[in-house]
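Observations on the model geometry
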Amino acid sequence: MEEVRATAMTYYANMSIGQKQAVQNFYKSLDANGDGKVTSQEYLDALRKAGLNQTSLPSNLFQVLDENNDGTLDLEECVTFYYMITGQRLVSCDGCGSYMLGLHFLCVECYRVSKEKTFDLCGSCYRNKNFNHAHSYFLDNFALLRTQLPAVLIRTYVAYIREKLIHGGAVNKFFTAPHNVARPFR
(Lines give C-alpha, C1' and ligand atoms only; values in the text may rest on other atoms or scores of the structure.)
Protein backbone atom coordinates (compact mmCIF):
# COMPACT_ATOMS: atom_id res chain seq x y z
CA MET A 1 0.00 0.00 0.00
CA GLU A 2 2.94 2.33 0.60
CA GLU A 3 3.80 2.24 -3.08
CA VAL A 4 0.21 3.13 -4.01
CA ARG A 5 0.24 6.04 -1.51
CA ALA A 6 3.57 7.34 -2.77
CA THR A 7 2.39 7.13 -6.39
CA ALA A 8 -0.86 8.97 -5.59
CA MET A 9 0.99 11.76 -3.79
CA THR A 10 3.53 12.05 -6.60
CA TYR A 11 0.75 12.47 -9.15
CA TYR A 12 -0.96 14.98 -6.87
CA ALA A 13 2.25 17.02 -6.48
CA ASN A 14 2.52 17.27 -10.27
CA MET A 15 -1.12 18.09 -11.02
CA SER A 16 -2.37 21.34 -12.44
CA ILE A 17 -4.27 23.67 -10.13
CA GLY A 18 -7.54 22.54 -11.74
CA GLN A 19 -6.74 18.86 -11.21
CA LYS A 20 -5.81 19.51 -7.57
CA GLN A 21 -9.08 21.39 -7.13
CA ALA A 22 -10.99 18.35 -8.45
CA VAL A 23 -9.26 16.14 -5.84
CA GLN A 24 -9.97 18.67 -3.08
CA ASN A 25 -13.63 18.85 -4.16
CA PHE A 26 -13.76 15.05 -3.97
CA TYR A 27 -12.37 15.24 -0.44
CA LYS A 28 -14.91 17.91 0.56
CA SER A 29 -17.73 15.80 -0.89
CA LEU A 30 -16.71 12.98 1.46
CA ASP A 31 -16.36 15.26 4.49
CA ALA A 32 -20.08 15.87 5.01
CA ASN A 33 -19.75 17.91 8.22
CA GLY A 34 -16.77 19.94 6.97
CA ASP A 35 -14.51 19.26 9.95
CA GLY A 36 -11.50 18.35 7.81
CA LYS A 37 -11.70 14.62 8.51
CA VAL A 38 -13.72 11.87 6.84
CA THR A 39 -15.21 9.41 9.32
CA SER A 40 -16.08 5.84 8.40
CA GLN A 41 -19.77 6.81 8.48
CA GLU A 42 -19.19 9.74 6.09
CA TYR A 43 -17.20 7.38 3.84
CA LEU A 44 -20.03 4.79 3.81
CA ASP A 45 -22.67 7.50 3.24
CA ALA A 46 -20.67 8.87 0.28
CA LEU A 47 -20.36 5.36 -1.20
CA ARG A 48 -24.12 4.85 -0.92
CA LYS A 49 -24.80 8.28 -2.42
CA ALA A 50 -22.53 7.37 -5.36
CA GLY A 51 -24.45 4.13 -5.88
CA LEU A 52 -21.64 1.96 -4.57
CA ASN A 53 -21.84 -0.48 -1.74
CA GLN A 54 -19.32 -2.13 0.50
CA THR A 55 -19.27 -5.24 -1.72
CA SER A 56 -18.15 -3.25 -4.78
CA LEU A 57 -15.00 -2.20 -2.89
CA PRO A 58 -12.71 -4.08 -0.52
CA SER A 59 -14.52 -4.36 2.84
CA ASN A 60 -11.44 -3.10 4.69
CA LEU A 61 -10.61 -0.28 2.29
CA PHE A 62 -11.33 2.46 4.83
CA GLN A 63 -8.92 0.85 7.31
CA VAL A 64 -6.29 0.37 4.59
CA LEU A 65 -6.59 4.03 3.55
CA ASP A 66 -6.38 5.23 7.19
CA GLU A 67 -2.58 5.21 7.27
CA ASN A 68 -2.22 6.75 10.74
CA ASN A 69 -5.02 4.61 12.23
CA ASP A 70 -6.85 7.57 13.75
CA GLY A 71 -10.25 6.33 12.52
CA THR A 72 -10.62 9.13 9.94
CA LEU A 73 -9.27 10.00 6.50
CA ASP A 74 -7.35 13.23 5.99
CA LEU A 75 -6.66 14.92 2.64
CA GLU A 76 -3.58 12.80 1.82
CA GLU A 77 -5.43 9.57 2.60
CA CYS A 78 -8.29 10.74 0.36
CA VAL A 79 -5.81 11.58 -2.41
CA THR A 80 -4.85 7.90 -2.29
CA PHE A 81 -8.53 6.88 -2.41
CA TYR A 82 -9.13 9.21 -5.37
CA TYR A 83 -6.14 7.76 -7.20
CA MET A 84 -7.32 4.23 -6.55
CA ILE A 85 -10.83 4.78 -7.89
CA THR A 86 -9.98 7.08 -10.81
CA GLY A 87 -6.77 5.31 -11.81
CA GLN A 88 -8.43 1.89 -11.90
CA ARG A 89 -6.25 0.63 -9.06
CA LEU A 90 -9.07 -1.37 -7.46
CA VAL A 91 -8.52 -4.66 -9.26
CA SER A 92 -9.89 -7.92 -7.91
CA CYS A 93 -8.54 -11.40 -8.61
CA ASP A 94 -10.76 -13.39 -10.97
CA GLY A 95 -9.58 -16.55 -9.17
CA CYS A 96 -10.21 -15.86 -5.48
CA GLY A 97 -11.87 -12.43 -5.49
CA SER A 98 -9.24 -10.68 -3.35
CA TYR A 99 -8.25 -7.11 -4.18
CA MET A 100 -4.75 -6.62 -5.57
CA LEU A 101 -2.86 -3.42 -4.86
CA GLY A 102 0.43 -4.28 -6.50
CA LEU A 103 1.73 -6.63 -9.14
CA HIS A 104 -0.71 -9.15 -10.51
CA PHE A 105 -1.13 -11.25 -13.65
CA LEU A 106 -3.30 -10.47 -16.68
CA CYS A 107 -4.42 -12.65 -19.57
CA VAL A 108 -2.61 -11.16 -22.57
CA GLU A 109 -5.31 -12.19 -25.07
CA CYS A 110 -8.13 -10.65 -23.00
CA TYR A 111 -6.07 -7.47 -22.59
CA ARG A 112 -5.54 -7.20 -26.35
CA VAL A 113 -9.25 -7.65 -27.04
CA SER A 114 -10.54 -5.29 -24.34
CA LYS A 115 -8.44 -3.16 -22.05
CA GLU A 116 -11.67 -2.36 -20.17
CA LYS A 117 -12.42 -5.92 -19.04
CA THR A 118 -9.36 -8.04 -18.40
CA PHE A 119 -8.87 -11.38 -16.67
CA ASP A 120 -6.69 -10.66 -13.62
CA LEU A 121 -5.09 -13.04 -11.14
CA CYS A 122 -3.18 -12.62 -7.90
CA GLY A 123 0.19 -14.34 -7.70
CA SER A 124 -1.16 -17.14 -5.55
CA CYS A 125 -4.01 -18.06 -7.93
CA TYR A 126 -1.75 -17.91 -10.97
CA ARG A 127 1.03 -19.92 -9.31
CA ASN A 128 -1.40 -22.56 -7.97
CA LYS A 129 -3.55 -22.59 -11.13
CA ASN A 130 -6.61 -21.55 -9.11
CA PHE A 131 -8.64 -20.35 -12.10
CA ASN A 132 -10.63 -21.56 -15.07
CA HIS A 133 -9.98 -19.52 -18.20
CA ALA A 134 -9.93 -20.10 -21.95
CA HIS A 135 -6.48 -18.57 -22.50
CA SER A 136 -3.13 -19.57 -21.05
CA TYR A 137 -0.72 -16.70 -21.78
CA PHE A 138 -0.38 -14.36 -18.77
CA LEU A 139 2.06 -11.58 -17.92
CA ASP A 140 2.37 -9.53 -14.77
CA ASN A 141 0.98 -6.02 -15.14
CA PHE A 142 4.44 -4.42 -15.20
CA ALA A 143 5.77 -6.78 -17.90
CA LEU A 144 2.59 -6.29 -19.93
CA LEU A 145 3.02 -2.53 -19.75
CA ARG A 146 6.62 -2.85 -20.93
CA THR A 147 5.53 -4.91 -23.95
CA GLN A 148 3.02 -2.16 -24.84
CA LEU A 149 5.44 0.73 -24.26
CA PRO A 150 6.69 1.24 -27.85
CA ALA A 151 3.11 1.50 -29.14
CA VAL A 152 2.15 3.88 -26.32
CA LEU A 153 5.15 6.12 -27.02
CA ILE A 154 4.32 6.24 -30.71
CA ARG A 155 0.65 7.09 -30.02
CA THR A 156 1.71 9.76 -27.49
CA TYR A 157 4.17 11.28 -29.95
CA VAL A 158 1.59 11.30 -32.76
CA ALA A 159 -0.97 12.92 -30.42
CA TYR A 160 1.60 15.55 -29.44
CA ILE A 161 2.47 16.36 -33.06
CA ARG A 162 -1.23 16.49 -33.97
CA GLU A 163 -1.90 18.87 -31.04
CA LYS A 164 0.93 21.16 -32.12
CA LEU A 165 -0.25 21.17 -35.74
CA ILE A 166 -3.86 21.89 -34.83
CA HIS A 167 -3.11 24.59 -32.25
CA GLY A 168 -0.08 26.02 -34.00
CA GLY A 169 3.43 26.56 -32.75
CA ALA A 170 6.67 24.85 -33.46
CA VAL A 171 7.06 21.19 -32.66
CA ASN A 172 9.61 21.01 -29.87
CA LYS A 173 11.52 18.01 -28.64
CA PHE A 174 9.25 15.06 -27.87
CA PHE A 175 10.05 14.93 -24.18
CA THR A 176 8.63 18.38 -23.58
CA ALA A 177 5.20 16.98 -24.47
CA PRO A 178 4.14 14.71 -21.59
CA HIS A 179 2.86 17.60 -19.46
CA ASN A 180 0.32 18.30 -22.21
CA VAL A 181 -0.45 14.70 -23.15
CA ALA A 182 -0.25 12.57 -20.00
CA ARG A 183 -3.29 12.52 -17.72
CA PRO A 184 -2.44 10.97 -14.34
CA PHE A 185 -6.06 10.69 -13.13
CA ARG A 186 -9.08 10.25 -15.34
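Residues numbered from 1 in each chain as written. Predicted model: local features only at pLDDT ≥ 70, side-chain atom pairs only at ≥ 80, totals over all residues. Heavy atoms only, no water.

What follows concerns the overall build of the protein chain. Regarding its fold elements, the protein chain presents nine helices and seven strands. In the protein chain, which comprises 186 residues, the share counted as buried stands at 31%. Across the protein chain, every contact between residues at least 6 apart in sequence was considered, and the portion connecting residues at least 24 apart equals 54%. Of the roughly 11600 Å² of accessible surface on the protein chain, 55% is carried by carbon and sulfur atoms. (Helix = DSSP H or I, 4+ residues; strand = E, 2+ residues; numbered from the N terminus. Buried < 20%, exposed > 50% of the residue type's maximum accessible area, 1.4 Å probe, protein only. Contact = heavy atoms within 4.5 Å. Areas by Shrake-Rupley, 256 points an atom, 1.4 Å probe, with all protein chains shown as cover.)

Glancing now at the pattern of salt bridges. In total, this model carries five salt bridges according to the counting rule given. The shortest N-O distance in the salt bridge between Asp70 and Lys37 comes to 3.8 Å. With Asp70 in the loop between helix H4 (61–65) and strand E2 (72–73) and Lys37 in the loop between helix H2 (17–30) and strand E1 (38–39), the pair connects residues that are 33 residues apart, well separated along the chain. You can call Asp70 partly exposed: its relative accessible area is 37%. What emerges from the salt-bridge pattern is a single network uniting Glu2, Arg5 and Glu67. (Salt bridge = Lys/Arg side-chain N within 4 Å of Asp/Glu carboxyl O.)

We now examine the UniProt feature "domain: EF-hand" (unreviewed entry) in the protein chain. The positions that UniProt labels "domain: EF-hand" (unreviewed entry) are, in the present scheme, residues 18–53 and 60–88. As annotated, residues 60–88 has a helix share of 59% and a strand share of 7%, and its two end C-alpha atoms lie 18 Å apart. (UniProt positions renumbered as here; feature names shortened; annotations may be inferred.)

The next subject is the environment of Arg5. Summarising the element assignment, Arg5 is placed in helix H1 (residues 2–13). For the pair Arg5 and Thr80, spaced 75 residues apart in sequence, the C-alpha to C-alpha distance is 5.5 Å. Look past the residues within four positions of Arg5 in its chain and what remains in contact with it is Val64, Leu65, Glu67 and Thr80.

For the structure on display, the rule yields eleven aromatic pairs. When the ring of Tyr43 is compared with that of Phe62, the centres are 5.2 Å apart and the planes differ by 55°; the resulting orientation is tilted. Of the two residues, Tyr43 sits in helix H3 (residues 40–49) while Phe62 sits in helix H4, which places them 19 residues apart along the sequence. Overall, the relative accessible area of 6% leaves Phe62 in the buried class. Here the aromatic rings of Tyr126 and Phe131 are separated by 6.3 Å at their centres, their planes lie at 25°, and the arrangement is stacked. What makes Tyr126 partly exposed here is its relative accessible area of 26%. Each member of the aromatic cluster is reached from another via a ring pair, and the members are Phe26, Tyr43, Phe62, Phe81 and Tyr82. Above the face of the Tyr12 ring, Lys20 is positioned so that its terminal group lies 5.5 Å from the ring centre. (Phe/Tyr/Trp six-rings, centres within 6.5 Å; stacked < 30°, edge-to-face > 60°. Lys NZ or Arg CZ within 6 Å of the ring centre and 35° of its normal.)

Counting 23 residues, the largest nonpolar core has Leu30, Val38, Tyr43, Leu61, Leu73 and Phe81 as its most contacted members. Elements that contribute at least two residues to this core include exactly H1, H2, H3, H4 and helix H5 (75–86). Of the residues forming this core, the biggest block, six residues, is contributed by H5. Of all hydrophobic cores here, the second largest spans ten residues; its members include Met100, Cys107, Cys110 and Phe138. (Core = buried A, V, L, I, M, F, W, Y, C linked by side-chain atoms within 4.5 Å.)

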